[in-house]
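In case you want the letters, here they are:
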Amino acid sequence: KAGVTQTPRYLIKTRGQQVTLSCSPISGHRSVSWYQQTPGQGLQFLFEYFSETQRNKGNFPGRFSGRQFSNSRSEMNVSTLELGDSALYLCASSLERRVQETQYFGPGTRLLVL
Amino acid sequence: GQNIDQPTEMTATEGAIVQINCTYQTSGFNGLFWYQQHAGEAPTFLSYNVLDGLEEKGRFSSFLSRSKGYSYLLLKELQMKDSASYLCAVRPLSGYSTLTFGKGTMLLVSP
């Protein structure tokens, strides 16, 4: 089974621009979560989608948004980029049939904002 | 909410045993996870604890004490490839897939 894939893997943007990141979960997984990872803050939860609905949202400004499509693929968008948005953005999917179901992470998209 | 603390860095020698601690403050959770993350790579699942006690999986074991808000990951027979960041995470009571992570412990294994 193919793992979680994320595109693009690397991205360079300038302040004020907007960016869209894509995530394809493992086949059959309906839950997709997004995380931001920085050296200072570690892994921080952005939001989670299940069956095209946002079920949970972390403590990030409204510039961060996302959506999920009927095939479970997900995108996240960051508008009006700031230097502090430079980070590794990780997507994770899970089956969620059991509470102990783990999340499987993609390789991430490394975003650099100049 | 959840507050998760881990040591920032640890060093150990090849062949040794190392214990990475994780303390948390939470009103409740549906399980505690440990992930391994090599530099530049995605986190990969190591272990899951929901009840008190020890879970063993080859060279890796994880322990949980819910009453003490404490967990540890035990790595035996350390190998150079174990040099990585180890992340402790809890799943909230909502039952959804979201995980709240600690900042991770960078383990350096030397020859």
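Note: the structure precedes this text.
Residues numbered from 1 in each chain as written. Chains lettered and ligands numbered in written order. Predicted model: local features only at pLDDT ≥ 70, side-chain atom pairs only at ≥ 80, totals over all residues. Heavy atoms only, no water.

Q: Can you help me understand the pattern of salt bridges in this one?
A: Any two side chains of opposite charge can pair if their charged atoms end up close together. Residue and element names in this part refer to chain A. Scanning all chains against the criterion turns up seven salt bridges over all chains. Arg 55 is the partner of Glu 48 in a salt bridge, and the nearest nitrogen-oxygen pair spans 2.5 Å. Glu 75 serves as the salt-bridge partner of Arg 73, at 3.4 Å between the closest nitrogen and oxygen. We classify Arg 73 as partly exposed; its relative accessible area is 24%. (Salt bridge = Lys/Arg side-chain N within 4 Å of Asp/Glu carboxyl O. Buried < 20%, exposed > 50% of the residue type's maximum accessible area, 1.4 Å probe, protein only.)

Q: Would you take a moment to explain the state of the cysteines for this structure?
A: Two cysteines form a disulfide when their sulfur atoms are joined by a covalent bond. If you walk through the whole model with that rule in mind, you get two disulfides over all chains. Between the sulfur of Cys23(A) and that of Cys91(A) lies a disulfide, 1.7 Å long from S to S. Residues Cys23(A) and Cys91(A) are joined through a disulfide that is left-handed, its torsion about the S-S bond being -50°. In this pair, Cys23(A) is assigned in strand 3 (residues 19–24) and Cys91(A) in strand 9 (residues 87–94), connecting sequence segments 68 residues apart. As far as the burial class goes, Cys23(A) and Cys91(A) line up, both buried. The side chain of Cys22(B) participates in a disulfide bridge whose partner is Cys88(B); the two sulfur atoms lie 2.0 Å from each other. The S-S bond linking Cys22(B) to Cys88(B) shows a torsion near -65°; that makes this disulfide left-handed. A residue pair is termed long-range when its members are at least 10 positions apart, and Cys22(B) in strand 3 (residues 18–25) and Cys88(B) in strand 9 (residues 84–92) qualify at 66 residues. The class for Cys22(B) is buried, based on a relative accessible area of 0%. Residue class for Cys88(B) comes out buried when judged on its relative accessible area of 0%. (Disulfide = S-S within 2.5 Å. Helix = DSSP H or I, 4+ residues; strand = E, 2+ residues; numbered from the N terminus.)

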